[in-house]
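# Per-entry structural report
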Amino acid sequence: MVGATGSIGRAVARAVCDRGDRATLVARASARLVALAAELGPRATPFALDLSDEAAPARLAEAAPDATDLVFALGSFPRTPLETVGRADFAAAVTEHCALFVECTRALAPAIARAGGGVVGFGDDGVERPYPNHLAYLAAKGALTAAARVLSLELGAGEKAPADRAGPVRVGLVAIGVVTDPELDDPARRAALARRSRLGRTGTPEEVAHVALAMLDATWVTGEVWHVGR
Ligand SMILES: NC(=O)c1ccc[n+]([C@@H]2O[C@H](COP(=O)([O-])OP(=O)(O)OC[C@H]3O[C@@H](n4cnc5c(N)ncnc54)[C@H](OP(=O)(O)O)[C@@H]3O)[C@@H](O)[C@H]2O)c1
């Protein structure tokens, strides 16, 4: 569980442990990881790792040689208005949201293939229904969406899958509407964001976790983006 101490990551980690599976909890801040592992019980193992370190994906694979699945819930939500967004913003966002996802998937693919498991990351509904002031972030989520589809092919077992690849590994995304937002304390903003969804409200991390685990369990699904909170 990469990004285990975040709002979505905690809910997924809890759901995994509650259903009797084990979870390796990955994030940078060790104290938060240890506290979460204590909360979740003996099925949870904390593993502090900064994935921006280039050696980190290999360390992750070493730490979890029997990984059956990967849930990747990492990635910030930087405000990058059109007037000021620059190349560095795009580079940082694509690295964080897309490249790290690809690197972790590649590192864990042999173990996940042995287990017949899958990889789930988190996209953003805004790739298809854009909103302002987050150009670099949404562009990076678009890159992530393409990468997940490519990975499902490259790590698949179909005619286009390279023969020497570990696989098949199912890869997909849950594209989220709004669960948390840095400005949600503002009642006007909360109401405006709620109105974007046909259900008239923002979602909960538990609702997202439910769909993420459903995707991992869906053994005949790969390369898909499931939208939640539209
Ligand atoms: N929440 C939403 O409404 C929403 C909507 C659309 C999409 N999403 C997507 O859902 C995913 C999870 O979002 P979230 O709101 O749960 O995020 P979050 O609360 O900000 O949590 C991010 C997690 O990633 C960890 N992390 C960050 N940088 C790291 C690094 N370099 N190495 C290792 N761990 C790192 C953080 O812990 P440390 O800081 O301790 O490392 C934390 O555990 C993201 O991809 C986000 O874009 C969320």
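Data block above holds the structure.
Residues numbered from 1 in each chain as written. Predicted model: local features only at pLDDT ≥ 70, side-chain atom pairs only at ≥ 80, totals over all residues. Heavy atoms only, no water.

### Looking at empty space enclosed by the protein
Think of a ball as big as a water molecule: rolled over the atoms, this probe shows where empty space is left. Under the counting rule described, the total for this entry stands at three cavities of 30 Å³ or more. In this structure, the largest cavity spans a volume of roughly 80 Å³. Lining the largest cavity are 14 residues, with R129, G177, V178, R196 and G229 sitting closest to its centre. Ranked by residue count, the leading element in the lining of the largest cavity is helix α6 (residues 187-196), at three residues. In terms of residue class, the lining of the largest cavity is built from four nonpolar, five polar and five charged. Estimates place the volume of the second largest cavity at around 60 Å³. In this structure, the second largest cavity is lined by G123, D124, V127, E128, T145, R149, L173, A175, V225 and H227. Among the secondary structure elements, those contributing two or more residues to the lining of the second largest cavity are β4 (118-124), α5 (135-154), β5 (170-176) and β6 (225-228). (1 Å grid on protein atoms, 1.4 Å probe; cavity = no way out; pocket = protein on both sides within 12 Å on 5 of 7 lines; lining within 4 Å. Points joined across faces, edges and corners; volume = space filled by probe spheres on them. Helix = DSSP H or I, 4+ residues; strand = E, 2+ residues; numbered from the N terminus. Nonpolar A, V, L, I, M, F, W, Y, C, P; charged D, E, K, R; others polar.)

### Considerations on the nonpolar core
Ranked by internal contacts, the top residues of the largest apolar core, which has 31 residues, are I8, V12, L25, F122, V174, I176 and V208. Only α1 (7-18), β1 (23-27), α2 (30-40), β4, β5 and α7 (205-217) provide two or more residues apiece to this core. Of the residues forming this core, the biggest block, seven residues, is contributed by α7. Judged by nonpolar contacts, the second largest core, of 30 residues, contains L49, F101, I112 and L151. (Core = buried A, V, L, I, M, F, W, Y, C linked by side-chain atoms within 4.5 Å. Buried < 20%, exposed > 50% of the residue type's maximum accessible area, 1.4 Å probe, protein only.)

### Brief notes about the layout of surface pockets
Approximately 1200 Å³ is the volume attributed to the largest pocket. At the level of elements, α1, β1, α4 (87-115), β4, α5 and α6 are the ones that each hand at least two residues to the lining of the largest pocket. By residue number, the principal contributor to the lining of the largest pocket is β4, which donates four residues. Among the residues making up the lining of the largest pocket, the classes are represented as 22 nonpolar, 15 polar and 10 charged. Size it by volume and the second largest pocket reaches roughly 550 Å³. What lines the second largest pocket is a set of 25 residues, and nearest its centre among them are R22, A23, T24, T68 and D69. Every element with two or more residues in the lining of the second largest pocket is listed here: α1, β1, α3 (56-63), β3 (70-72) and α7. Tallied by class, the residues present in the lining of the second largest pocket amount to 16 nonpolar, three polar and six charged.

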